[in-house]
Amino acid sequence: MNTTDSGAKNKVITNLVDNVFRTPNGKAFIGFLTAGDPDADSTVKFILEMERAGADLIEIGIPFSDPTAEGVVIQDANIRSLGNGMTTDGVFEIVRRIREVSRIPLAFMTYSNPVFHYGYDRFFAKCEELEVGAIIIPDLPYEEKAEVEEPAAAHNVHLISMIAPTSETRIQAIASESHGFIYVVSSMGVTGVRSEIKTDLAAIVESIRKVTDTPCAIGFGISTPEQAGKMAAVSDGAIVGSAIVRIIEKYGADAAPELYRYVKSMKEAVSAV
Amino acid sequence: MSKGRYGIHGGQYISETLMNELIALEESYEHYKNDPDFQAELNQLLNEYAGRPSLLYYAEKMTKDLGGAKIYLKREDLNHTGSHKINNVLGQALLAKKRGKTRLIAETGAGQHGVATATAAALLGMECEIFMGKEDTDRQALNVYRMELLGAKVHPVTSGTQTLKDAVNETMREWTNRVNDTHYCLGSVMGPHPFPMIVRDFQSVISREARAQILEAEGKLPAAVAACVGGGSNAMGMFYNFIPDEGVELIGCEAAGKGVDTARTAATIATGTLGIFHGMKSYFCQDEYGQIAPVYSISAGLDYPGIGPEHAYLHDTGRAKYVPVTDDEAVDAFEYLARTEGIICAIESAHAVAHVMKIAKDYKPDQSIIICLSGRGDKDVAAIARYRGVEIHD
């Protein structure tokens, strides 16, 4: 045991999220949904269905009143969820129900304020207890991460680093301190389905790989199996949110069969790379 | 701790996509701030285009009527475009142009900042798009048309509460979408660093002038200065050069709406708690899970659930005091100032007038209080008529 006080910053975090990229071809499919959309029971069912369809990690969105990084589809999901009374404690309860039957790797995606307001230590203690291995906070850049990273690490939770098309000179600093996985933002703007992704993602991933062996998954704008395959080919995985949320928006509580079909097709595309 | 801190407040809680732009903005601002040519160009615009310096007017009738302190009004309402917003906008637009940007985007609540931004864009030959809550485009329809006359495209924002907070959300989203040729001309002392600093610096012309003007008029500093606070740009401008003058009370007047003991309020210091939102750590009106509260004020410009980080810090240290003022009190003050001094001020500014009407008598006749009259009230006339149950047909 290390007896020197190395601080949370240097602590080695190991949890379920480290298994995500241990697939036959090293590529992962990551699905996102907003907790509580349309209700808690459906969210539990949808997550288990996406696991059955082959998703390697599920990102669970904790709804926020003002999701500034989201496009219209996920904004509306946040409104539906909050409108139905979902809370941060309600999301933890959803995860508790999943953990009764599944050990699928889970991550939270939310904004700074719900986590800050819950209390960092209290929030990450619950994550540790429920084995939520990572958190993604789009309004928490490299410069501000210390206040979250230390309490998260103390509870064995990865704070996921994000790299954007505009990161350029920042890539080295961000990547060298990354762990868990790196979320590579495919395009400018907010989340949402795009017909075409123009950023030179291969070049970005290459710059990242010069500094770290932390896996890179690409998100924002991916909706078709073809896109997912392309993204997985230049990185370690594809993250899909809006396309999944759109299915939930369309089918409501009955979305499970459609989600299964969709996630299965996406996972197959990623596995075939 | 990151950059742009005011005690524990401030910082840069913003998406990675925007970070390099914020860093570049800060670097160019630090450069041009000390560039005599830039300063000369900005001063020329402020003086010859915007009409600065603004008057410091001795409100003699109001002083006699209230009894107590001599009341002075810092007449930002007389600036071109009718409010203090032009001070910041000319600075940022000129900076953006020097940085090679060709397009300005901005949020607006009452429309004053949107009009000022559209004006600067027209003057400097830049594209302009304004984001305004749908509810605000309805209650300030005239300002929407004014912006369009100036060549701007106005986007009504239909998400969330359809007011200022949502307009900020949407402008941030648009900036993330297109940052290369576009400057986000943020209208208040809020958002991620360096905005609270840049906006405060450009607005500090208000207290730089007022301090010299009151010394000229009275031979001594005022006992107090008062200004309305939403995000807090006119207040920060009014306070800034008086901060080192410890004898000068700094009073920020928040919009209490229907009252701070109701849910229909926008008084952040009175009812808010510490949080992280819109790029900054500061005080926000929010619920027990950190969901941002739907706030309310009769004044679209003060209808915001947060307050700039430097104000949060001035509150923490006790250097400034923040007081709530209700809709009723503000409307009474709006009418009082019109009748007593012949000045129709913005309903935002009327919040500061209302508070000074309460406290003037607590001061001696050899003391003075300066109220920042942040804007003119033409835009509010229809809303005040509605408030009083009077029907007006345009």
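**Student:** Just checking my understanding: could you explain the side chain of Ser188(B) for this structure?
**Tutor:** All names here are of chain B. Within the fold, Ser188 resides in the loop between strand 8 (182-184) and helix 9 (195-203). Under the relative-accessibility criterion, Ser188 is labelled buried at 7%. At 3.3 Å, the side chain of Ser188 forms a polar contact with the backbone nitrogen of Ser233. In contact with Ser188, not counting residues within four places along its chain, are Glu107, Val199, Gly231, Gly232 and Ser233.

**Student:** Sorry, what's going on with unusual backbone geometry here?
**Tutor:** Peptide bonds are trans in most cases, and residues, glycine excluded, mostly fall at negative phi. Between Asp37(A) and the following residue, Pro38(A), the backbone shows a cis peptide bond with an omega angle of 0 degrees. Following the sequence through the fold, Pro38(A) ends up in the loop between strand 1 (28-34) and helix 1 (40-52). Following His193(B), the chain continues into Pro194(B) via a peptide bond in cis, with omega recorded as 10 degrees. One can find Pro194(B) in the loop between strand 8 and helix 9.

**Student:** Help me understand the interface of chain A and chain B, please; the structure alone is not making it clear to me.
**Tutor:** When the parts of a complex come together, some accessible area is lost, and that lost area is often used as the size of the interface. Taken residue by residue, the interface counts 38 residues in chain A and 35 residues in chain B. When the area that chain A buries against chain B is broken down by residue, the three leading residues are Asp66(A), His117(A) and Glu144(A), summing to 19%. Counting across the interface, chain A meets chain B through four salt bridges. Here Arg5(B) ties to Glu144(A) by a salt bridge, and the two come within 2.6 Å at their closest N and O atoms. There are 23 residue pairs in polar contact (both at pLDDT 80 or more) connecting chain A and chain B. Looking at the side of chain A that touches chain B, the elements with two or more residues in it are helix 2 (72-83), helix 3 (88-99), helix 4 (112-118) and strand 6 (161-163) of chain A. Of all the elements, helix 4 of chain A adds the most residues to the side of chain A that touches chain B, at six residues. Broken down by class, the residue content of the side of chain A that touches chain B amounts to 17 nonpolar, twelve polar and nine charged.

The rules behind each value
Residues numbered from 1 in each chain as written. Chains lettered and ligands numbered in written order. Predicted model: local features only at pLDDT ≥ 70, side-chain atom pairs only at ≥ 80, totals over all residues. Heavy atoms only, no water. Helix = DSSP H or I, 4+ residues; strand = E, 2+ residues; numbered from the N terminus. Buried < 20%, exposed > 50% of the residue type's maximum accessible area, 1.4 Å probe, protein only. Polar contact = N/O pair within 3.5 Å; in protein donor to acceptor, adjacent residues only side chain to side chain. Contact = heavy atoms within 4.5 Å. Buried area = accessible area lost by both parts, 1.4 Å probe. Salt bridge = Lys/Arg side-chain N within 4 Å of Asp/Glu carboxyl O. Nonpolar A, V, L, I, M, F, W, Y, C, P; charged D, E, K, R; others polar.

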